[in-house]
Amino acid sequence: MTTLINKKVVDALNAQVVEEFTAQNQYIAIALYFDAETLPELSNFFHLQAQEEHQHGMKLLQYITDAGGHPIVPATNEVKNHFESVEEAVELALNQELKVTDQINTLVALAEAEKDYLTRQTLQWFVTEQLEEVSSMSDLLNVVKRAGDNLFLVEEFLRSNPHEAEAEAEA
Ligand SMILES: [Fe+2]
Ligand SMILES: [Fe+2]
C-alpha cells in the first residue's frame, strides 16, 4: 500500500494513541470514584469524557491506517485510582488535558518540520478539540472550588449545563 506519512510521524502518532487511551482509562477511574461518592452528574460527565478519549484514539488509529502507516493498538499507562477529594480528581483531569494539549502541539511541530501537510491538517481537529477540553475542565474546576463542601452545587451546575459531549456523541 502507498504510504503518505513517514515512519517518524507514524511513531509519534502511535505514541499519542497511548496517551488518548490512557486518558480514557483515567476518566473511567475518576467517573467510578464519583459514582462511589454518589455524585451522578460528575460521574456521567467523566464517563462521557472517557468516550471522547476513546474516539480520539480511534481517530488517530484510523488516520494512520488510511495514510498507509502501521497502526499499533497499545497497552496503556498506569492511571490513578485513589482520590482524596473531588477537587483533586478534577485538577488531575485538567492537568491531563493541559499535557495532551502540549503533546498535540509537539505533533503539529513535527508534521510541519517533516513537511507532512496531510498530518498537519488532520491534527488541526485535535488542536481545536483541546480548546474545548481545557476550557470545560477549567470551568468545572472553578465551580468545584467555589462550591467547597456543598457538592450539590456542582451537581446542579452540571445538570443545568449539559456537556457538549452529549451532543457530540449523538452527532
Ligand atoms: Fe483526547
Ligand atoms: Fe481530552
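Residues numbered from 1 in each chain as written. Chains lettered and ligands numbered in written order. Predicted model: local features only at pLDDT ≥ 70, side-chain atom pairs only at ≥ 80, totals over all residues. Heavy atoms only, no water.

Some words on the coordination of the iron ion (ligand 1)
- The iron ion (ligand 1) binds to the protein through Glu20 (OE), Glu53 (OE) and His56 (ND1); the donor distances cover 2.1 Å.
- Linear spacing of the donor residues for the iron ion (ligand 1) on their chain is E-x32-E-x2-H.
- Taken as a pair, the iron ion (ligand 1) and the iron ion (ligand 2) lie 3.4 Å from each other and share Glu53 as a ligand. One end of the pair, Glu20, is in helix 1 (residues 7-36); the other, His56, is in helix 2 (residues 40-66), and 36 residues separate them in sequence. Each member of the pair, Glu20 as well as His56, is classed as buried. (Donors = N, O, S within 2.8 Å, 3.2 Å for Na, K, Ca; no water. Helix = DSSP H or I, 4+ residues; strand = E, 2+ residues; numbered from the N terminus. Buried < 20%, exposed > 50% of the residue type's maximum accessible area, 1.4 Å probe, protein only.)

Quick notes on the environment of Leu123
- Looking at where Leu123 falls in the secondary structure, it is placed in helix 4 (residues 117-147).
- For the pair Leu123 and Leu60, spaced 63 residues apart in sequence, the C-alpha separation works out to 9.0 Å.
- Excluding residues within four positions of it along the chain, Leu123 makes contact with Leu13, Ile104, Leu107, Val108 and Ala111. (Contact = heavy atoms within 4.5 Å.)

Considerations on the packing of helix 2 against helix 4
- Orientation of helix 2 relative to helix 4, taken along the N-to-C sense of each, is 170°, at an axis distance of 12 Å. Comparing the axis directions of helix 2 and helix 4 gives the class roughly antiparallel. Taken together, the residues of helix 4 that come into contact with helix 2 (itself represented by Leu42, Phe45, Phe46, Gln49, Glu52, Glu53, His56, Lys59, Leu60 and Tyr63) are Leu118, Thr119, Thr122, Trp125, Phe126, Glu129, Glu133, Ser136, Met137 and Leu140.
- Here the residues of the contact of helix 2 with helix 4 are counted per class, giving 10 nonpolar, 5 polar and 5 charged. (Axes fitted to C-alpha atoms, helices over the stretch in contact; angles between N-to-C directions. Parallel < 35°, antiparallel > 145°, perpendicular 65-115°, else oblique. Nonpolar A, V, L, I, M, F, W, Y, C, P; charged D, E, K, R; others polar.)

Quick look at the nonpolar core
- Membership of the largest hydrophobic core comes to 25 residues, with the highest contact counts inside it found for Ile30, Phe34, Leu42, Phe46, Val90, Met137 and Leu140.
- Mapped onto this core, the elements with two or more residues apiece are helix 1, helix 2, helix 3 (86-113), helix 4 and helix 5 (152-160).
- Of the residues forming this core, the biggest block, 7 residues, is contributed by helix 4.
- For Phe46, the contacting residues outside a window of four places in its chain are Tyr27, Ile30, Ala31, Phe34, Val90, Ala93, Met137 and Leu140.
- Listed in part, the 19 residues of the second largest apolar core include Leu13, Leu61, Tyr63 and Val108. (Core = buried A, V, L, I, M, F, W, Y, C linked by side-chain atoms within 4.5 Å.)

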